[in-house]
Amino acid sequence: MNYFFKVYSILKRNQNQINRLAILICLMLISTLLEMFSIAMVLPLIIFLIDPVNALKELSGSNVKLFEFLEYFEIETDLIFVLIVFIIAYFFKALFLSFQSWFHIKFIHSIQKNLSELIFGNYLHKPYTFHILKNSSELIKNITTEVNLFTSSIMSITSFFIEILVLIGLTLLLFFIEPYGMLILVGVFSVMFALFTLVMKKKILNWGEVRLFNEGMRLKQIIQGLNGYKEYLLLGKTSSVLDDFSIYNSKFINVVRRQNLFDALPRYWLEFVAVSSLIIIVMLLTSKGENSSVIPIVGVFAAVALRILPSVSKIVSFWQAISFSTPTINLIFEITRGMDKNIH
């Protein structure tokens, strides 16, 4: 919570950013409802494409309340209607999500612009002694690299909550269709995420601190090497400068490589867990004697899986990015704390 408090404290310096954040949250809620509706549309489509007569009779009379509306469908005429509604629903969903992405990205880059100008303006108003004591490479890094990473972390945070809302919405949808299958999926994914978080949280946070330090040091070596090129050339110390840069550069590359690796791994195991869970759900349904409803229900679970798998993978990825950027959030928070709001 301290992490999110710091992010909010930084953003609230500009009221327009808070207003845009509120609009983005509303858009996120609407997109969640659209995701639920679009997945729910898969069910009647599958029913009409398989044995429609028997499927409609049995499913409309089953205990699954979500299927009760099917008794009002007429097979021949309503198949075309379902297909048309299906296409229209996905068209408007794509249209709305495109607008949400445009607004989201515009919001993120407005933060990047305002924050970099704010910090640069603050440095320009600092006394001369401040610039004597501070290395210019550190100030340049804060204005450029760290602000860029901060805005990337905001992108990760907002995207994280977008995917969380979608995940919750689709989970509720599955609960009304097949509660036991939903509990299996939620249980397996929850245990997997908890174990991954427990193992990797401290490591990723440490990698973020190592990146912050070595990014600053390698930038310092670059500036010193270029500014003092003639001196180093006359003294024959160019190799020494390059060696110092290589040390910090190697540490920086290694920690970023590890973070990228662990960012890529979860989705492979998520696919394995999803397929295994789907097979367990099929076995559960067939053991209960619900053979005629297996295909429609599994079809919906498959459609949800196609949407949830990328979501869960992104949630894990965004969580890692948030943890990795924690040192940057702390740095930007300290820079902006107590800063005059009127500096631009």
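Keep in mind that what you see is a predicted model, and the values were worked out from it rather than measured.

**Let's talk about the pattern of salt bridges**
Working step 1: Under the criterion given, the structure shown has seven salt bridges.
Working step 2: Across the pair arginine 218 and glutamate 215 runs a salt bridge, and its minimum N-O distance is 3.1 Å. Taken together, the positions of arginine 218 and glutamate 215, both in helix α8 (residues 179-227) and three residues apart, correspond to about one turn of that helix.
Working step 3: Given the relative accessible area of 9%, glutamate 215 is considered buried.

**Remarks on the packing of helix α2 (residues 15-40) against helix α7 (residues 136-177)**
Working step 1: Where α2 meets α7, the axes come as close as 9 Å, and the angle between the chain directions of the two elements is 35°. Between α2 and α7 the crossing geometry is right-handed. Packed against α2, whose contacting residues are Leu21, Leu24, Met28, Leu29, Thr32, Glu35, Met36, Ile39 and Ala40, the element α7 presents Thr158, Phe161, Ile162, Leu165, Val166, Gly169, Leu170 and Leu173 at the interface.
Working step 2: When the residues that make up the contact of α2 with α7 are grouped by side-chain class, the tally is 13 nonpolar, three polar and one charged.

**Let's talk about α2**
Working step 1: Its 26 residues give α2 an end-to-end C-alpha distance of 38 Å, which sits within 8% of 38 Å, the value for a rise of 1.5 Å per residue.
Working step 2: Burial in α2 covers these residues: Gln17, Ile18, Leu24, Leu27, Met28, Ser31, Thr32, Glu35, Ser38 and Ile39.
Working step 3: The backbone nitrogen of asparagine 16 lies 3.0 Å from a side-chain oxygen of the residue at the head of α2, namely asparagine 14.

**Here's the deal with the packing of aromatic side chains**
Working step 1: Following the criterion strictly, the structure yields six aromatic pairs and no others.
Working step 2: Each ring, one from phenylalanine 160 and one from phenylalanine 161, has its centre 5.5 Å from the other, and the planes form 85°; the classification is edge-to-face.
Working step 3: The structure contains a cluster of three or more aromatic residues connected by ring pairs, namely Phe99, Trp102 and Phe103.
Working step 4: Over the face of the ring belonging to phenylalanine 130 we find lysine 126, whose NZ or CZ atom lies 5.3 Å from the ring centre.
Working step 5: Note that arginine 218 overlies the ring of phenylalanine 252, its terminal NZ or CZ placed 3.8 Å from the centroid.

**As for the packing of α7 against helix α13 (residues 326-336)**
Working step 1: Interaxial distance between α7 and α13 falls to 9 Å at its minimum, and their mutual angle equals 120°. Considering the angle they form, α7 stands oblique to α13. Both α7 and α13 take part in a crossing whose hand is left-handed. Seen from α7, the contacting residues are Lys141, Asn142, Glu146, Val147, Leu149, Phe150 and Ser153; seen from α13, they are Thr328, Ile329, Leu331, Ile332 and Ile335.
Working step 2: Partitioning the contact of α7 with α13 into residue classes produces seven nonpolar, three polar and two charged.

Definitions and limits used
- Within each chain, residues carry numbers counting from 1 in the order of the written sequence.
- Note on the predicted model: pLDDT of at least 70 is required for a residue's local features to be given, and 80 or more for side-chain atom pairs to be given and counted; whole-chain, interface and lining totals, by contrast, use all residues.
- Water and hydrogen atoms play no part in the side-chain values, which are based on all heavy atoms of the structure.
- Just to be clear on terms, a salt bridge is a Lys or Arg side-chain nitrogen sitting within 4 Å of an Asp or Glu carboxyl oxygen.
- The way it works is that DSSP assigns letters per residue, a run of H or I at least four long becomes a helix, a run of E at least two long becomes a strand, and they are numbered from the N terminus.
- Between buried and exposed lies partly exposed: a residue is buried under 20% and exposed over 50% of the maximum accessible area for its type, with that area taken using a 1.4 Å probe on protein chains only.
- Every angle, taken between N-to-C directions, lies between 0 and 180 degrees, and every axis is a line fitted to C-alpha atoms, over only the stretch in contact when it is a helix.
- The handedness criterion is simple: a crossing whose near helix is rotated anticlockwise from the far helix by less than a right angle is left-handed, and one whose near helix is rotated clockwise is right-handed.
- By the convention used here, residues are in contact when the closest approach between their heavy atoms is within 4.5 Å.
- Residue type decides the class: Asp, Glu, Lys and Arg count as charged, Ala, Val, Leu, Ile, Met, Phe, Trp, Tyr, Cys and Pro as nonpolar, and the leftover types, Gly among them, as polar.
- Between the first and last residue of a helix there are one fewer steps than residues, each counted as 1.5 Å, and that sum is the expected span.
- We call two N or O atoms a polar contact when they sit within 3.5 Å, provided that within protein one can donate a hydrogen and the other can accept it, with sequence-adjacent residues counted only if both atoms are side-chain atoms.
- Centres within 6.5 Å make a pair out of two Phe, Tyr or Trp rings, where for Trp the six-membered ring is used; the pair is then stacked when the planes are under 30 degrees apart, edge-to-face when over 60, and tilted otherwise.
- Should the NZ of a Lys or the CZ of an Arg lie within 6 Å of a ring centre and within 35 degrees of the ring normal, that charge is described as sitting over the ring.
- Angles below 35 degrees are treated as roughly parallel, those above 145 as roughly antiparallel, those between 65 and 115 as roughly perpendicular, and all remaining angles as oblique.

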